[in-house]
Amino acid sequence: MKEYRGIFPALVTPFDEKGRVDADRMQRLVEKNLRQGVAGFYVGGSTAESYLLSMDERKYALEAVMEAVQGTEASVIANVGVFATEHGLALADHARRAGVSAISSVPPFYFPFCMEEYIHYYNTLAERAQMPVILYNIPAMSGVTFKKEDIQRLFENENIIGMKHTSYDLFQLQQLIQEYPEKNIFIGHDEILLCAFSVGAEAAIGSTFNFMAEKFVRLAKLMNEGKQREALKLQDQANRVIQVLCEVGVFKGVKAALKFQGYDCGLCREPFLPLSKREERRLYETLLENDCL
Ligand code: HMN
């Protein structure tokens with residue numbers, strides 16, 4: 001059954017001055033996004049710098065989010081993707097006990113596994129985690145391209161309830177939405193949210209929602225009301241900002257934007273380097289010009 005609709009920020013992981021995961025800052029960020037009308041959160045993704053965190057830090061960050069959403073309607077999806085199946089299952093077990101509504105996973109990475117191994121991985125997760133699973137299709141970062149036939153095989157498993165489609169392939173997206181009306185398909189590229197909603201997507205997970213939730217909540221609402229021209233104005237504003245983020249580095253750019261908005265989440269962990277003064281200025285001006293400050 002389709003149950004996820006609306007805007008889901010892929011949360012950053014805030015750090016304190018000493019570079020430790022900061023639960024208070026995380027909770028302030030969650031509360032700000034809730035006030036702006038998001039439907040839930042995606043925790044532990046690439047935006048969260050998860051693969052630069054220890055397993056304990058990933059668990060701690062998730063617990064902070066679960067505490068902040070208590071008593072609200074927000075759904076939390078936890079990415080448990082890591083190198084080895086057993087480690088993914090351990091994160092899934094923790095996420096289930098923490099009370100998330102679904103888990104998600106990037107394909108296990110670094111080693112070039114074959115498609116049979118990826119399919120086996122997701123089916124194992126779906127069977128052993130005792131949680132609904134959302135596939136994570138992100139070819140640009142994982143190096144794994146799920147063809148439509150691969151996704152069709154995975155969607156035969158009832159516990160695999162959907163997919164995060166972080167790909168610009170709108171042809172595949174439209175076909176999957178039509179063929180699987182009961183599955184939850186999230187667009188994972190914020191810059192094409194309007195295009196994805198115009199081919200039937202109803203939910204989105206994105207890094208830029210951390211600081212542009214209000215804009216994207218309005219955009220999604222306008223699309224649902226059939227007001228595409230008005231929605232396009234918002235998408236255009238957001239895309240001017242996203243263009244700069246892509247040039248300076250998306251995740252560190254998202255953290256810099258949050259800082260300009262009064263939500264200091266620290267810097268991204270090394271090997272990421274901070275934005276230069278020039279990049280910061282360019283981002284600041286673009287945020288200002290596009291109603292983000
Ligand atoms: C995550 O796991 O945190 C996701 O990657 C979040 C999201 O899908 C982002 N994808 C990537 O950064 C690869 C997008 O929000 C993306 O940052 C945005 O569309 C700009 O390209």
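Keep in mind it's a predicted model, so treat the numbers as computed, not measured.

J.: Sorry if this is basic, but what is going on with the side chain of S75 here?
T.: Looking at where S75 falls in the secondary structure, it is placed in strand β3 (residues 75–79). Overall, S75 belongs to the buried group, its relative accessible area being 18%. What S75 contacts, discounting residues up to four positions off in sequence, is Y4, F8, A39, G40, F41 and S101.

J.: I would appreciate a short explanation of the sheet that holds strand β8 (residues 203–206) in the present structure.
T.: Hydrogen bonds between backbone atoms are what pair the strands of a sheet, whose relative direction is either parallel or antiparallel. Strand order in the open sheet formed by 8 strands is β1-β8-β7-β6-β5-β4-β3-β2, and the pairing between neighbours is parallel. Looking at the sheet topology across the chains shown, the edges are occupied by β1 (6–9) and β2 (40–43). Direction aside, the axes of adjacent strands within the sheet are offset by 25° on average. Here 5 bridges tie strand β5 (residues 133–137) to strand β6 (residues 160–165), and the two strands are oriented parallel to one another. Bridge pairing links Y136 to K164 in β6. Strands β4 (102–105), β5 and β6 of the sheet are contacted by helix α4 (residues 115–128), whose axis makes an angle of about 155° with β5. Lying over the sheet, helix α9 (residues 209–224) contacts β1 and β8, oriented at roughly 175° with respect to β1.

J.: Just to check I follow, could you spell out the environment of R58 for this structure?
T.: Inspection of the secondary structure puts R58 in helix α2 (residues 55–69). A relative accessible area of 8% places R58 in the buried class. Expressed as a C-alpha distance, the spacing of R58 and V43, which sit 15 residues apart in the sequence, is 8.9 Å. Excluding anything up to four places from it in sequence, R58 contacts G44, S50, Y51, L53, N79, V80, G81, V82 and L91.

J.: What should I look at first to understand the site of the ligand in this one?
T.: If you check the shell around the ligand, you find 19 residues, and the closest are T47, Y136, K164, G188 and E191. Between the ligand and S46, the relevant distance is 2.8 Å, taken from an oxygen atom to a main-chain nitrogen or oxygen of the residue. The side chain of E191 places a nitrogen or oxygen atom 2.5 Å from an oxygen atom of the ligand. For the ligand, the accessible surface in isolation is 470 Å², of which the surrounding protein chains cover 94%. Taken together, the elements giving at least two residues each to the shell around the ligand come down to β8 and α11 (250–260). For the shell around the ligand, the residue count by class is 8 nonpolar, 8 polar and 3 charged.

J.: Any chance you could explain the nonpolar core here in plain terms?
T.: One broad rule of soluble globular proteins: the nonpolar side chains tend to lie buried together. Counting 102 residues, the largest nonpolar core has V100, I103, Y122, L193, F211 and F216 as the members making the most contacts within it. With 9 residues, the top contributor of residues to this core is α9. With residues up to four places along the chain from it excluded, the contact list for F216 reads I7, D190, L193, T208, F209, Q235, A238 and I242.

J.: Can you walk me through the packing of helix α1 (residues 23–35) against α9 in this structure?
T.: Each pair of packed helices can be described by the angle between their axes along with the distance between the axes. Contact geometry for α1 and α9: axes closest at 9 Å, N-to-C directions at 10°. When the axis of α1 is compared with that of α9, the two are roughly parallel. Packed against α1, whose contacting residues are L29, K32 and N33, the element α9 presents F209, N210, F211 and A213 at the interface. Here the contact of α1 with α9 is built from residues that sort into 4 nonpolar, 2 polar and 1 charged.

J.: Looking at this structure, I do not really get the packing of helix α6 (residues 148–155) against helix α7 (residues 170–179). What am I missing?
T.: It is at 11 Å that the axes of α6 and α7 come closest, and there the two elements cross at 30°. Here α6 lies roughly parallel to α7, going by the angle between them. Relative to α7, the crossing made by α6 is right-handed. For the pair formed by α6 and α7, the contact residues are K148, I151 and Q152 on the first element and Q172, Q175, L176 and E179 on the second.

J.: Mind showing me how you'd approach the state of the cysteines here?
T.: Cysteine pairs can be linked by a disulfide, which is a covalent bond between their two sulfur atoms. Tallied over the entire structure, the rule returns 0 disulfides. Unpaired in this structure, C265 has its nearest cysteine sulfur neighbour in C268, at a distance of 9.9 Å.

Conventions used here
Numbers given for residues are sequential positions, taken from 1 along each chain in its written order. In keeping with the model being predicted, local features are shown solely for residues with a pLDDT of at least 70 and side-chain atom pairs are shown and tallied solely at 80 or more, while totals for entire chains, interfaces and linings include all residues. Hydrogens and water are ignored here; the side-chain numbers use all heavy atoms of the structure. Note on conventions: DSSP H or I runs of at least 4 residues are helices, E runs of at least 2 residues are strands, and numbering of each starts at the N terminus. Whether a residue is buried, partly exposed or exposed follows from its accessible area with a 1.4 Å probe, protein chains only, as a fraction of its type maximum: under 20%, in between, or over 50%, in that order. We call two residues in contact whenever any of their non-hydrogen atoms come within 4.5 Å of each other. Should DSSP find at least two bridges between two strands, the strands are regarded as paired. Fitting a line to C-alpha atoms yields each axis, with helices limited to the stretch in contact; the angle taken between N-to-C directions then spans 0 to 180 degrees. A cutoff of 4 Å decides nearness: a residue is near a molecule or strand if any of its heavy atoms lies inside that distance of it. Any pair of N or O atoms that falls within 3.5 Å is considered a polar contact. Within protein, one atom must be able to donate a hydrogen and the other to accept it, and sequence-neighbouring residues count only if both atoms are side-chain atoms. The Shrake-Rupley method, run with a 1.4 Å probe, gives the accessible areas here. Residue values count only the displayed protein chains as cover. Put simply, Ala, Val, Leu, Ile, Met, Phe, Trp, Tyr, Cys and Pro go in the nonpolar bin, Asp, Glu, Lys and Arg in the charged bin, and everything else, Gly too, in the polar bin. We define a nonpolar core as any set of buried Ala, Val, Leu, Ile, Met, Phe, Trp, Tyr and Cys residues linked to one another through side-chain atoms lying within 4.5 Å. Oblique is the label for every angle not falling under 35 degrees (roughly parallel), over 145 degrees (roughly antiparallel), or within 65 to 115 degrees (roughly perpendicular). Crossings are classed by handedness, with left-handed meaning an anticlockwise turn of the near helix from the far one by less than a right angle and right-handed meaning a clockwise turn. Here, two cysteine sulfur atoms that lie within 2.5 Å of each other are counted as a disulfide.

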